[in-house]
Amino acid sequence: MNTQTITPQPTATGADRALKAKHRAMWAMGDYHRVAAELVGDLGAVLVDACGVRPGDRVLDVAAGSGSAAIRAALAGGRVVASDLTPELFGPGQAWAAQHGAELDWQQADAEDLPFPDGDFDTVLSCLGVMFAPHHRSAADELTRVCRPGGTVGVLNWTPEGFIGQMFATMKPYAPAPPPGAQPPPLWGSEEHVRGLLGDHLDELTTRRATLRVDQFADPAAFVDYFKTNYGPTIAVYRSISGEPESVAALDRALTELAFRFLQDGVMEWEYLLVTGRRR
């Protein structure tokens, strides 16, 4: 293991700790592993393949969830640490890894304050994870800090214009106001924003937009029911308006209309941005 000391990070304030506790609780709601396994798990393989993980590489998956990317990296021969703020996701992830015959380590960690030494990993990646850290600059700096010079940093995130980005925009009027300084997750799907975050740290920075084909939902109502049951951010918004029947009905209609626009013959295309680069 790299023996460098960990670069000191700013001490978290009480407000920061409360915000992180809220985020942890949100992702523990519902069944995110089901979402990963049934809908978005293939994107982990897309990211790992783009990062070129090789046997023996030391790999960190930041905001790993139940490990769709971490497991793929381990199967590629990487020595993998899957880290996440929400350890409640590790149980399903460990079972998923066992089903695939993958061995990796699991560690609770805040993407904005990673407990690893500078330059400790050959590859640092995040699939639909780091985008939800509220302070984008802090998270981006940590992604690059723990990657060795010449190593690879890769992230895959939903775009603001794509379906999931539009879903967050649809839910925003019904959600509690974010705390000062917190940034919207889909900004990580903007090329300009990501280049601003990572461009000073990475060489050979490349971005590519693509879509994930989703054929899980027979109709818009099926999508709304699924996300209200399984997806933490959606569950949290509905809980925040649970005492307002008119708001609940309005959000139901708005999400149904959104799904109707994107659902064609039982298929949806969810756009994402794939970013990779070499640590300077």
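What you see is a predicted model; the values in this text were computed from it and never measured. (Residues numbered from 1 in each chain as written. Predicted model: local features only at pLDDT ≥ 70, side-chain atom pairs only at ≥ 80, totals over all residues. Heavy atoms only, no water.)

Hey, could you run me through the overall build of the protein chain in this one?
Secondary structure summary: the protein chain contains 11 helices and 7 strands in total. Rg of the C-alpha trace for the protein chain: 18 Å, near the compact-globule value of 19 Å for 280 residues, within the 12% margin. Dimensions of the protein chain, computed from C-alpha atoms along their principal axes, come out at roughly 55 × 40 × 35 Å. The long-range share in the protein chain, meaning contacts at least 24 apart out of those at least 6 apart in sequence, stands at 79%. For the protein chain, the exposed surface amounts to about 12300 Å²; the carbon and sulfur share of it is 51%. Taking the average location of the 24 positive side-chain charges in the protein chain and that of its 35 negative ones, the two points are 3 Å from each other. (Helix = DSSP H or I, 4+ residues; strand = E, 2+ residues; numbered from the N terminus. Rg over C-alpha atoms; globule rule 2.2 N^0.38 Å. Contact = heavy atoms within 4.5 Å. Areas by Shrake-Rupley, 256 points an atom, 1.4 Å probe, with all protein chains shown as cover. Lys, Arg positive; Asp, Glu negative; His and termini not counted. Charge placed at Lys NZ, Arg CZ, Asp CG, Glu CD.)

For this particular structure, what's the right way to read the pairing of strand β5 (residues 147-158)?
Side-chain direction in a regular strand flips from residue to residue, so the side chains alternate between the two faces of the sheet. With 9 of 12 residues buried, β5 lies mostly within the body of the structure. Judged from the 6 bridges that link them, strand β4 (residues 121-127) and β5 form a sheet pairing that is parallel. Among the inter-strand pairings, F121 is bridged to a residue of β5, identified as C147. (Buried < 20%, exposed > 50% of the residue type's maximum accessible area, 1.4 Å probe, protein only. Pairing = 2+ DSSP bridges.)

When you look at the environment of L273 in this model, what are you seeing that I'm missing?
Secondary-structure assignment places L273 in strand β7 (residues 268-279). Not counting the four nearest positions on each side in its chain, L273 is found in contact with V155, L156, N157, T159, W188, G189, S190, E191, V194, T207, R208 and R209.

Help me out: how do you make sense of the environment of A102 in this one?
Along the polypeptide, A102 turns up in the loop between α5 (90-100) and β3 (105-108). Judged by its relative accessible area of 11%, A102 falls in the buried class. Once residues lying within four places of it in the same chain are set aside, the contact partners of A102 are I71, A74, L75 and A97.

When you look at the packing of aromatic side chains in this model, what are you seeing that I'm missing?
For any pair of aromatic rings, geometry is given as the distance between the ring centres together with the angle between the planes. Within this structure, the stated rule accounts for 18 aromatic pairs. With 5.3 Å between their ring centres and 90° between their planes, F116 and F121 make a pair best called edge-to-face. Grouping residues by exposure puts F116 and F121 together as buried. Measuring from centroid to centroid gives 5.6 Å for F217 and F223, while their planes differ by 85°, and the two rings are edge-to-face. Here F217 and F223 have matching classes, each one buried. For K228, the ring lying beneath its charged end belongs to Y238, and the centroid distance is 4.5 Å. (Phe/Tyr/Trp six-rings, centres within 6.5 Å; stacked < 30°, edge-to-face > 60°. Lys NZ or Arg CZ within 6 Å of the ring centre and 35° of its normal.)

Please clarify how helix α7 (residues 163-171) should be interpreted in this entry.
A turn of α-helix holds 3.6 residues, and therefore any two residues three or four places apart point the same way. Of all 9 residues in α7, 7 are buried; the element is thus mostly enclosed. Among the residues of α7, those classed as buried are F163, I164, G165, M167, F168, T170 and M171.

Explain the sheet that holds β5 to me, please; I cannot follow it from the model alone.
The 7 strands lie next to each other as β3-β2-β1-β4-β5-β7-β6, forming an open sheet whose pairing is mixed. For this open sheet the edge positions go to β3 and β6 (202-214), each flanked by a neighbour on one side alone. Taken pair by pair, the neighbouring strands of this sheet meet at an average axis angle of 20°, ignoring direction. Each of β5, β6 and β7 touches helix α2 (residues 32-40); the most contacted strand, β6, lies at about 85° to it. (Axes fitted to C-alpha atoms, helices over the stretch in contact; angles between N-to-C directions.)

So what exactly am I meant to see when it comes to the nonpolar core here?
Ranked by internal contacts, the top residues of the largest apolar core, which has 89 residues, are V40, L104, W158, M167, W188, F227 and W270. Of all the elements, β7 adds the most residues to this core, at 6 residues. Those residues in contact with W270 that lie beyond four places of it in its chain are L39, V40, W158, F163, I164, A210, T211, L212, V214, F217 and F227. (Core = buried A, V, L, I, M, F, W, Y, C linked by side-chain atoms within 4.5 Å.)

Before we go on, may I ask you to explain the side chain of T144 in this structure?
Summarising the element assignment, T144 is placed in helix α6 (residues 136-145). What T144 contacts, discounting residues up to four positions off in sequence, is V153, L198, H201, L202 and R279.

In this structure, what is going on with unusual backbone geometry? I would like to understand it.
Residues other than glycine predominantly adopt negative phi, and peptide bonds predominantly adopt the trans conformation. Unlike most non-glycine residues, A63 shows phi in positive territory, near 55°. Its place among the elements puts A63 in the loop between β1 (58-61) and α4 (68-75). Despite not being glycine, L128 has its phi angle at roughly 55°, a positive value. With respect to the helices and strands, L128 occurs in the loop between β4 and α6.

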